[in-house]
Amino acid sequence: MNKYKNFMDDGLTADWLRDNGIAVQTFGTTHIRLLQAQQQAHALLTQHSNLLTQSQRTTLETFQHQMAHKNTRIKLKPTAANPILNISSKINRQLFKQHRHLAQAQH
């Protein structure tokens, strides 16, 4: 029973990683900052693409392309995540402002 539960848990984990734009095979060998940036890039492109400028969209897509290929992913340093995380912070601030304006309009 325990082996079956572990098997099911591994499957659920793999599904969650895949849904968040992270390759399961590379999860254990990639720096955490790069994984965070990869997840943020995926979320921004799929959920908030309407808030992105063309240059931001290009930056995110380029980063995703680099992370998708082993040779370029290996060469990336953790600092390569900074522009992606900066874009994410900017979009999150925009979303918070929109949410705050909606909340104030309801009161």
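What comes next concerns the included structure.

Each value, and the rule that gives it
- Residues numbered from 1 in each chain as written.
- Predicted model: local features only at pLDDT ≥ 70, side-chain atom pairs only at ≥ 80, totals over all residues.
- Heavy atoms only, no water.
- Helix = DSSP H or I, 4+ residues; strand = E, 2+ residues; numbered from the N terminus.
- Expected span 1.5 Å × (residues − 1).
- Contact = heavy atoms within 4.5 Å.
- Axes fitted to C-alpha atoms, helices over the stretch in contact; angles between N-to-C directions.
- Parallel < 35°, antiparallel > 145°, perpendicular 65-115°, else oblique.
- Left-handed = near helix turned anticlockwise from the far one by under 90°.
- Patch = residues over 30% accessible without salt bridge, like charges linked within 9 Å, V, L, I, M, F, W, Y side chains within 5 Å.
- Areas by Shrake-Rupley, 256 points an atom, 1.4 Å probe, with all protein chains shown as cover.
- Salt bridge = Lys/Arg side-chain N within 4 Å of Asp/Glu carboxyl O.
- Lys, Arg positive; Asp, Glu negative; His and termini not counted.
- Charge placed at Lys NZ, Arg CZ, Asp CG, Glu CD.
- Buried < 20%, exposed > 50% of the residue type's maximum accessible area, 1.4 Å probe, protein only.
- Core = buried A, V, L, I, M, F, W, Y, C linked by side-chain atoms within 4.5 Å.
- Nonpolar A, V, L, I, M, F, W, Y, C, P; charged D, E, K, R; others polar.

Re helix H5 (residues 82-106)
Taking 1.5 Å per residue, 25 residues should reach 36 Å; H5 reaches 36 Å between its end C-alpha atoms and fits that length. Considering only its buried residues, H5 is in contact with helix H2 (32-47) and helix H3 (54-68).

Examining the packing of H2 against H5
Where H2 meets H5, the closest approach of the two axes is 9 Å, and the angle between their N-to-C directions is 45 degrees. On the basis of their axis angle, the class for H2 and H5 is oblique. Once H2 is placed against H5, the crossing between them reads as left-handed. Here H2 contributes Arg33, Gln36, Ala37, Gln40, Ala41 and Leu44 to the contact with H5, which in turn contributes Asn82, Ile84, Leu85, Ile87, Ser88 and Ile91.

Focus on a positive patch on the surface
Side chains of Lys90, Arg93, Lys97 and Arg100 sit close together on the surface and give a patch of like positive charge. Summarising the element assignment, Arg93 is placed in helix H5. With a relative accessible area of 51%, Arg93 lands in the exposed category.

As for the nonpolar core
By size, the foremost hydrophobic cluster in this structure holds 16 residues, and its most contacted members are Leu52, Leu60 and Phe63. Of all the secondary structure elements, the ones that give two or more residues to this core are H2, H3 and H5. If you tally residues by element for this core, the top one is H2, at five residues. Not counting the four nearest positions on each side in its chain, Leu60 is found in contact with Ala41, Leu44, Leu45, Leu52, Ile84 and Ile87.

Observations regarding the environment of Glu61
Here Glu61 shows up in helix H3. For the pair Glu61 and Ala41, spaced 20 residues apart in sequence, the C-alpha to C-alpha distance is 7.7 Å.

Brief notes about the packing of H2 against H3
Put simply, H2 and H3 touch, their axes get as near as 10 Å, and they point 130 degrees apart. Viewed along their axes, H2 and H3 adopt a mutual orientation that is oblique. As H2 runs across H3, the sense of the crossing is left-handed. Where H2 approaches H3, its residues Leu34, Ala37, Gln38, Ala41, His42, Leu44 and Leu45 are matched on the opposing element by Arg57, Leu60, Glu61, Phe63, Gln64 and Met67. When the residues that make up the contact of H2 with H3 are grouped by side-chain class, the tally is eight nonpolar, three polar and two charged.

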